[in-house]
Amino acid sequence: MKEVFNIPARSNGNAPIHLAWQNKQGSYLAVGGVNRTVNIYDRHGELVDDISLPGSCSGLKWDSEGNTLAIIQDKSGVVYLWDANSRTQQPLDSGLRDTLTFVCWSNYGPLLAIGTGKGNLLIYNHGTGRKVPILGKHSKRIICGAWNSQHLLALGSEDRMLTCSTVEGDTVRSTSLRYDPELAIFSEMKSSSNSSAARSGGLVNDNTVSFVIGRKTVFLYNIDDPDNPIELQFQPKYGNIVGYRWFGDGYMLIGFTNGYIIVISTHPKEIGQELFQCKTHKDVLNDISISFALNKAASIGDNYVKLYDLKDLQDTYDMQVLDVESGSLHKMEWSGDGQLLSITTTKGQIFTYLTRLPMLGATFKTSAAHLTSLMEVTVTDLRQSERFITVKVVTEPLYIALGEHHLAIGMNNRVWMYALSDPKEPLLEREYLESVREMYMNSDYAAVLFEKRIQLHLIEGDNESEKESRLFPDKDTDADDDIRCCALTSDFLIFGTVRGNIHYFYIEDWKFVNEYRHTNTVVKMFPDVSGTRMVFLDEKRDGYSYNPVNDDIHKLPDLPSKVEGVIWDSVDRHVFVAYTDEVVITYVTHRDIVTGENVQFVAETKLPYGYKPLALVEGELKCQTQSGKLVNLSLASHAYFNNLNDLTPEEIYIYMAQLTASFNYACSLKRYNEAWKFAELLNNTDHWLHLGKTLLNHLEVQLAIRVYRRVGDAAIVLSLQGLMHIEDRKLLAGHMAMLCDQFDHSQQLFLESSQPLKALEMRRDLLQWNQALQLAKSLAPEQIPFVSKEYAQQLEFTGDWANALIHYEKGITNGDDEHDAVCKGGIARMSIRMGDVRRGVNLALESANKVLCRECAGILEAIKQYPEAAMLYEKGHSYDKAAHVYMKAKNWHKVADILSHITSPKIYVQYAKNCEREGKFKEASRAYEAGKDYDNAIRINLEHLRNPKEAVRIVQETQSVEGAREVARFFQNLGDYGSAIQFLVVSKRNEEAFALAEEHNQMSQYADIIGDDATHEDYLAIARHYESRGKPLPCGVYYNKAKEYGKALHYLIKVPPNEVEEALDVAIEVVGEAHKDTLTHQLIDYLMGEIDGVPKAARYLFNLYMSLKQYREAARTAIIIAKEDQTCGSYRAGHDVLFDMYQKLLQQKIKIPAEMAHNLMLLHSYILVKTHVKRNNHTKAARLLIRVANNISKFPSHIAQILTSTVVECYRSGLRASAFSFAAMLLRPEYRSSIDPKWKKKIEQIVRKPDKSEEEEGQDPCPQCGAMLPQMSLECGDCKNTLPYCIISGRHMLKEDWSECPHCTWPALYSEFTDFLSAAPNTPCPLCSKPVDPASVQLISEPNLYAKLGETGEM
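What you are looking at is a predicted structure, and each value in this text was computed from that prediction instead of being measured.

(A) Seen up close, the sheet that holds strand S15 (residues 153–157). Here four strands make up an open sheet; going across it, the order is S14-S15-S16-S17 and the pairing antiparallel. Only two strands of the sheet have a single partner each, and these edge strands are strand S14 (142–147) and strand S17 (171–176). Each neighbouring strand pair of the sheet contributes to a mean axis angle of 15°, computed without reference to strand direction. Relative to strand S16 (residues 161–165), S15 is paired through four bridges, and the arrangement is antiparallel. Among the inter-strand pairings, Ala154 is bridged to a residue of S16, identified as Cys164.

Written out as structure tokens, the structure is:
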């Protein structure tokens, strides 16, 4: 609220006053009090007139039209009537001699009721001047009263009576009251008996009069139901009633002295029920009022005023603290239009506030002017709202216009213009001959719309210029065609007429440049800032987008019927909105799009009550409010999420619908960056495809490539990349339309482009040949043969052979050989199909085209022209089909001629059958075999050619069961039972083969033949056969194969001595597979000699443990075996046993016995000695022998020999101290006799003349901890680990010189291994004895330091 004027209390006698705003116009405020004067003020607080009275003013009222003010005073019976139009007063003598106390005009006619202090009444008809006095209507002072629409007058008096009277003064209803009545109001109280017919007919059914009784209750009296009055009581805490108002559909707003306001209903089911209650003032409430024009309520108290929206009384709409000079707040009243609210005090002070400004505004480009007070206009830069100009105007305007440099305000036919550079005083004042309806300005000109005409003139005119002023319509237009609307841009004056003509007047050239004739009267028009696009409304309330460049017009979709105006976005020039009182609809215009120029509906936004759109800037709607402020309203189409990157997946799911809507809006508004962000959030292929299609439609190639690359549509990406260079918009649009499957539109665009032949290419690619031929005739006649050929191919495919032949013939160019060959081929095929076989065959033969020959042959075969078909098949090298057709024609000689080229077994078999019929058995046999009919080939060789060798070959190569059966039968007849048995087995007749073998003592051959693929029954039969013949070894073998392990072992341990070794190997296998303890113990007893008294070799026990996977026992046995071998000097055998066991234990991840690992190391070291001695590596041999000699007790059979070799190799290598040590050992008495005489003297000499010089053994780092230790040492004193050793040199391994044998994967020093292998090709590994390719040995950078060590320990 904004204060308009303030009238001090001294002007009104410092006492309570009467106050009344003029009805309807609201131009005058009447104020009367004890100073015997009634002052008339205008809307700005200026005194218009004053009326002197003989006494104090006791009441004043305006008639329903606001033309006449009735004033009563307390000194005489004269009523003063003041005419608002002429500003004159007229006394009216009531004829009543007592004090006048009541005055009231009817809202439905010129009837005036006047009451007196003694209860008398006068009814005066101002229209006719008739007076009807009624004496004694009441016995005491008439206090209040009201008229209703039926011209009934309800009065309340101090006699506590209520009367209802007619205009003649007749009392029709009366009732008594408990207390004095106040505040009479007629309204409609809802009840079940209300006449719906009356309401539907538009009649006012104000049948209930309400009073405040004793300031405590509200009395409702229905004149149609006088026997059932209603008196509503309220809570005592509310205090006394200060005022009430009816509103809405039978609701009542009531205010109380203690600061409460409540809302009650008069509906029958909720009569008196409090629908709303609120304490709005802390201490006191003085009055309430309602403005139906604003749909708002007001309350005063505690020295402030509050405004409320009747739709939501809970929230305070506005509040203003009042600067009260003295006294307290008293009464208030709205002006009829709701723009002004006047408040009085008990001392006569008057506050008048502006509660709603007239919605006046104008825009020019990015500036807006709007009314911020009744006589104040603010011009704002919409891009920078802090930049504004406030203009104090000379009068309250009825219209506003804004130009680039000027502001104009006007009333009726007068206009005041202000320069925005200096707006303190009007730049000029102009008076027109007619009242102005609308006014528009640009930088230089003003356009003024009168009732039927427009005047265009310079703002600051040059009277000598011919372009100073012009009146429309004029001689260049239809003078009888009245102008209904206009608009002014920087370059154009645009106006629309009653007959639907739209004229564009170009100001620069001072002439008309365009005219468009619409079918209906144009009532409003809204051009964009340049004037090149415009929206207009016709009398049918339809809206259209109009392009004056090409007269292109499009009807606006989904346009409401009550559109108030259209606003173009000052930044996004392709966006505009249409608005009503309730909604704002966003539209977007598209120019450079595939489908052509159009207008698209985008979204609908609800317009808050009291908002008037003024301008649009980047989706922000600048709205004027009733309080004179400019507020921003975000359109639903532009209300994007601000912090899209901060959304969590859960929030994205919750806001999915809003995000999808915003994505669609962004696509429609061509805000592709926002659309991309929304698509990323939604992460849905459908949204990406929608965005891609939108971009294609708007020719945004680069962005479309990004989208389809994101989707993964490589085909469209490649297509679009090929279109990026195109500058012709029509051509580009044609390609885009084609990608969007809009082929007809694409053709139209191609034809309008610089490359119309693209239309022909498109139709050809779409196989739409009729359209392609039509285009070729008009665009490229030289392409007709090529189109005809392609069309003919399609017709041939669909079976329209006659037309295909015609088009193939049209396709002959007699210049393009390759093309003509295709056409001639088509002619050949179609000729044959149409019955001209000779022509078709000749063309096929002339072409020498194998494919064509085969195609024609196929057609000929289908129509049973076999000779020609076979000939063409043969020419086309389709020999199988040729032979097939030749056979149909019974031409076997031709089949024989091409037999070598045939690949089909079926043809070979048919040919063989024919040869067999003709007695050509050799040819038949070859043909049967070539046709893979081996049974018949075998039959021919056995029955007709007597060639069993060939039959056997075929059986052996093909494993033919039936053929094998024939061969077996043949050999059986010849007495060759072994061969017969063999082929019976091949033919799956094992039972016959067994019987034959048993009968002719060929069981061993039968057993060999069935091998390991026989059934359990077959093996069982063989075992029983040998059991019956007393042959335990084969009996046990086949019981084992039959998985009868108990019987197998039973016979295997009963074999004669010469078969024991073979039987034991089988027995170990039996026990290993059986996994039965009884059989295991039985075999162990046999091996230990407990059954036959003959112990068997330990290796059998070892093999048994291995078969049973008892690796620990096998390891112990292996150690025993190795010791036996070592004791008896079989060092290689012991080495191999230990190595094999070592590997198996590693595979099973079983701990390696320390003794096994140590013995294997010693044996391997001893074996390496011979290798190094042969290669003259005496130092390595000596070091290895020292290791062995230090464990000489492990080699008892060759102690002297080993020590002798050690002494000799150490002496050769210069290890004299070691040589002396072991020579002294060798000369001990127990070894002296065993010394080889060849070395005895030498050894004795070493001892007699000792030389203890010796080169110290080299040291290398430990591969585990890096500590230095002797090269031959395999125990690290620092980390206490057993170290892996090199299988070539016996040294401990080095981490940086590591390799492995590719077979046994044991470690070896890479340098030693490669040197060792370089001596000879395929040198075997000294450990596993397998030949090693030097190229397979690789240096290992990160070796397994524990490889082959396992976890050694005792077992």
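(B) Here's a closer look at unusual backbone geometry. A cis amide bond links Phe472 with the next residue in sequence, Pro473, at an omega value of -5°. Tracing the backbone through its elements, the reader meets Pro473 in the loop between strand S44 (469–472) and strand S45 (483–488). In this structure, His151 takes a positive phi of about 60° despite not being glycine. Unusually for a residue other than glycine, Glu618 sits at a positive phi of about 55°. Looking at the element boundaries, Glu618 is found in the loop between strand S57 (612–617) and strand S58 (620–624).

(C) Representation of a nonpolar patch on the surface. A surface patch of nonpolar side chains, amounting to about 440 Å² of accessible area, comprises Tyr653, Ile654, Tyr655 and Met656. Assignment of secondary structure puts Tyr653 in helix H2 (residues 649–654). Judged by its relative accessible area of 66%, Tyr653 falls in the exposed class.

(D) Quick peek at the sheet that holds strand S26 (residues 287–291). An order of S26-S27-S28-S29 is seen for the four strands of this open sheet, with the pairing classed as antiparallel. At either margin of the open sheet sits one strand with a lone partner, and together these are S26 and strand S29 (312–321). Across the sheet, the mean angle separating the axes of adjacent strands is 25° when strand polarity is ignored. Inspection of the sheet shows strand S27 (residues 296–301) paired to strand S28 (residues 304–309) by six bridges, in the antiparallel sense. Note that in S28 the partner of Lys296 across the bridge is Asp309.

(E) Structural view of the state of the cysteines. Scanning all chains against the criterion turns up zero disulfides. The thiol of Cys164 is unpaired, and the distance to the nearest cysteine sulfur, on Cys144, comes to 11 Å. You can see Cys853 has no disulfide; the closest cysteine sulfur is in Cys856, sitting 6.9 Å from it. Taking relative accessible area as the criterion, Cys853 reaches 3% and is therefore assigned buried.

(F) Quick look at the pattern of salt bridges. Within the structure shown, the criterion is met by 33 salt bridges. Arg470 serves as the salt-bridge partner of Asp474, at 2.6 Å between the closest nitrogen and oxygen. Residue class for Asp474 comes out buried when judged on its relative accessible area of 14%. Residue class for Arg470 comes out buried when judged on its relative accessible area of 13%. A salt bridge links Arg829 to Glu855, with the shortest nitrogen-to-oxygen separation between them at 2.9 Å.

(G) Geometry of the nonpolar core. Ranked by size, the top nonpolar core spans 73 residues in total, and within it Leu621, Phe663, Leu691, Leu720 and Met736 carry the most contacts. Grouped together as the second largest cluster of nonpolar side chains are 69 residues, Tyr1166, Ala1189, Met1293 and Cys1325 included.

(H) Region of interest: the packing of aromatic side chains. Scanning all chains against the criterion turns up 27 aromatic pairs. Plain terms: the ring middles of Tyr28 and Trp82 are 5.7 Å apart, the flat faces sit at 90° to each other, and that makes the pair edge-to-face. Highlighted residues: Tyr28 in the loop between strand S2 (18–21) and strand S3 (29–32) and Trp82 in strand S8 (residues 78–83), separated in sequence by 54 residues. Across the pair, exposure class does not vary: Tyr28 and Trp82 are buried alike. Seen in terms of ring centroids, Phe492 and Tyr504 are 5.5 Å apart; in terms of plane orientation they differ by 70°. Their pairing is edge-to-face. Of this pair, Phe492 sits in strand S46 (residues 492–497) while Tyr504 sits in strand S47 (residues 501–506); the two residues are twelve residues apart in sequence, bridging distant segments of the chain. For Tyr504, a relative accessible area of 2% puts it in the buried group. The rings of Tyr445, Phe472, Phe495, Phe505, Trp510 and Phe512 are connected pair by pair, giving a single aromatic cluster. Across from the ring centre of Trp676, 4.1 Å away, lies the NZ or CZ of Arg706, which sits over that ring.

(I) Local environment of the packing of helix H5 (residues 685–697) against helix H6 (residues 701–711). Following both chains from N to C, one finds H5 and H6 inclined at 155°, their axes separated by 9 Å at the closest point. The orientation of H5 with respect to H6, classified from their angle, is roughly antiparallel. The chirality of how H5 crosses H6 is left-handed. Contacts from Thr685, Trp688, Leu689, Leu691, Gly692, Lys693, Leu695 and Leu696 in H5 reach Leu703, Ala704, Val707, Tyr708, Arg710 and Val711 in H6. Across the contact of H5 with H6, the residue classes tally to ten nonpolar, two polar and two charged.

(J) Representation of helix H16 (residues 850–862) in the model. The end-to-end C-alpha distance of H16, which contains 13 residues, comes to 18 Å, matching closely the 18 Å that a straight helix rising 1.5 Å per residue would cover. Inspection of H16 places Leu852, Cys853, Cys856, Ala857, Ile859, Leu860 and Glu861 among the buried residues, and these make up the whole buried set. With its phi angle positive at about 65°, Lys864 sits one or two positions after the end of H16.

(K) Spatial organisation of helix H41 (residues 1237–1248). Its twelve residues place the ends of H41 17 Å apart at the C-alpha level, agreeing with the 16 Å of an ideal helix rising 1.5 Å per residue. Here the buried face of H41 lies against helix H38 (1199–1212), helix H39 (1216–1226) and helix H40 (1229–1232).

Analysis parameters
- Residues numbered from 1 in each chain as written.
- Predicted model: local features only at pLDDT ≥ 70, side-chain atom pairs only at ≥ 80, totals over all residues.
- Heavy atoms only, no water.
- Pairing = 2+ DSSP bridges.
- Helix = DSSP H or I, 4+ residues; strand = E, 2+ residues; numbered from the N terminus.
- Axes fitted to C-alpha atoms, helices over the stretch in contact; angles between N-to-C directions.
- Patch = residues over 30% accessible without salt bridge, like charges linked within 9 Å, V, L, I, M, F, W, Y side chains within 5 Å.
- Areas by Shrake-Rupley, 256 points an atom, 1.4 Å probe, with all protein chains shown as cover.
- Salt bridge = Lys/Arg side-chain N within 4 Å of Asp/Glu carboxyl O.
- Buried < 20%, exposed > 50% of the residue type's maximum accessible area, 1.4 Å probe, protein only.
- Disulfide = S-S within 2.5 Å.
- Core = buried A, V, L, I, M, F, W, Y, C linked by side-chain atoms within 4.5 Å.
- Phe/Tyr/Trp six-rings, centres within 6.5 Å; stacked < 30°, edge-to-face > 60°.
- Lys NZ or Arg CZ within 6 Å of the ring centre and 35° of its normal.
- Parallel < 35°, antiparallel > 145°, perpendicular 65-115°, else oblique.
- Left-handed = near helix turned anticlockwise from the far one by under 90°.
- Contact = heavy atoms within 4.5 Å.
- Nonpolar A, V, L, I, M, F, W, Y, C, P; charged D, E, K, R; others polar.
- Expected span 1.5 Å × (residues − 1).

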